[in-house]
Structures are given as structure tokens and as C-alpha cells.
Amino acid sequence: MGRALKRVVFDEAAIAGRVKELGAQITAAYPAGDLLVLGLLKGSFIFLSDLVREITRPLQVDFLVAASYGDKTFSSGNVRLLYDPETKLEGKHILLVEDIVDTGRTLSRLMDILKARNPRSLEICALLHKHVAQELRYPTRFVGFDAPNEFLVGYGLDHAENFRHIPYIASLQ
Ligand code: PRP
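Notes on the structure follow. Predicted model, so just to flag it, every value in this text is computed and none were measured. (Residues numbered from 1 in each chain as written. Predicted model: local features only at pLDDT ≥ 70, side-chain atom pairs only at ≥ 80, totals over all residues. Heavy atoms only, no water.)

**Notes on the pattern of salt bridges**
According to the stated counting rule, one finds twelve salt bridges in the structure shown. Linking K6 and E150 is a salt bridge whose minimum nitrogen-to-oxygen distance equals 3.5 Å. Of this pair, K6 sits in strand β1 (residues 5-10) while E150 sits in the loop between β7 (142-146) and β8 (152-153), placing them 144 residues apart in sequence. In this structure, R141 engages E123 in a salt bridge whose closest nitrogen and oxygen atoms are separated by 3.5 Å. With R141 in the loop between β6 (121-129) and β7 and E123 in strand β6, the pair connects residues that are 18 residues apart, well separated along the chain. Note on E123: relative accessible area 19%, which makes it buried. (Salt bridge = Lys/Arg side-chain N within 4 Å of Asp/Glu carboxyl O. Helix = DSSP H or I, 4+ residues; strand = E, 2+ residues; numbered from the N terminus. Buried < 20%, exposed > 50% of the residue type's maximum accessible area, 1.4 Å probe, protein only.)

Given below as C-alpha cells:
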């Protein structure tokens, strides 16, 4: 699969335990109203599927596929949606689910786009947060783990599209 793994950063048991806690926290945070959980693909697909099964209140699930313009490393922060949720956002609680917050660029632009659709509330849930984001203009209400500033793969996260299926989170050599 190309590069070798260096170390396990969060193992399966730690992830499962934390996802359960996040599910309980989210359940308690939304006592009323329609809740739409929006997963940002592709990175969030495993986290989202585990997370929604730990939320014990009615909800709907949809996805977003975003594409950045130009060079990702030096992106100007322009993001467009390749797939837009079919569901209406207006008047609903929107919970945007992301695997990792790195620079915060993707999330900031997406939040601007979603906010313009007049949801009842709009919050971010990220499994991992590197706390290096200087471009994130929105708080991350729900965070799974503070992540080390290393290249992380597994549990949905990739390196050149590999490693997404690994059930734990590891760093690369
Ligand atoms: C990764 C990751 C986040 C984003 C975080 O997505 O899944 O969405 O980058 O980086 P940022 O905070 O610097 O914007 P990627 O573009 O690799 O797509 P993927 O979800 O399909 O892996």
C-alpha cells in the first residue's frame, strides 16, 4: 500500500469509547427539532456510520462532497460542492461531520455555504482536531480527540486513497 505505518495513535477500543460518548453528548444537545447529520465525504464515512448509531434520537443522514479549486497545498480556500444534500436545510439543526480539522480551510468555506441556507442551528463534529487551524472561523462544538500534528490514516482517513479501511488510526512513517 505504499508507505508504512509508524504507530497506532488511537486504537479501535479508544475510538469506539469516544464515539459512544460523542453520541450521548449530541443526543443531549438536541432535545427538540429536526436533526440532519451531514457527512463530508470521503473521509467521514466510517466515523459517521458509527456515530449515528450512538445517537438515540430521530435524525436524518445526508452527505456533502466538496472539491477545492487548484493546488490543495496553496488553496485560496475556494470550495465548491460536487454533491449537494437533497434534503432541505432550512429550519433544521445541521450537524456537519468531519474526520479531521487540519488547516480548517475546507470547513470554513462549507460552513459559509451551509449558513446561507438558514438552518435552525449549524454545528461541527470532528473526530480529530489538530488545533493548528488558523483559517477556521467557526468553533468545533464536538471533538473526538486532539490529534498530534502527524500524517494520520485509517478509520476513513487516507494517504493517496489508501488505508481508509484500517479500523484504527495510525501515523505514517
Ligand atoms: C481532508 C480531510 C478533511 C480536510 C481537512 O479531506 O478529510 O476534509 O482534508 O483539511 P483542512 O482542515 O486543511 O481543510 P480531503 O480533501 O483529503 O478529502 P477526503 O475527505 O476525500 O479524504
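**Thoughts on the packing of aromatic side chains**
In this structure the tally under the stated criterion is one aromatic pair. Here F10 and F145 contribute two aromatic rings whose centre-to-centre distance is 4.2 Å and whose plane-to-plane angle is 20°, an arrangement assigned as stacked. With F10 in strand β1 and F145 in strand β7, the pair connects residues that are 135 residues apart, well separated along the chain. For the pair F10 and F145, one class covers both residues: buried. (Phe/Tyr/Trp six-rings, centres within 6.5 Å; stacked < 30°, edge-to-face > 60°.)

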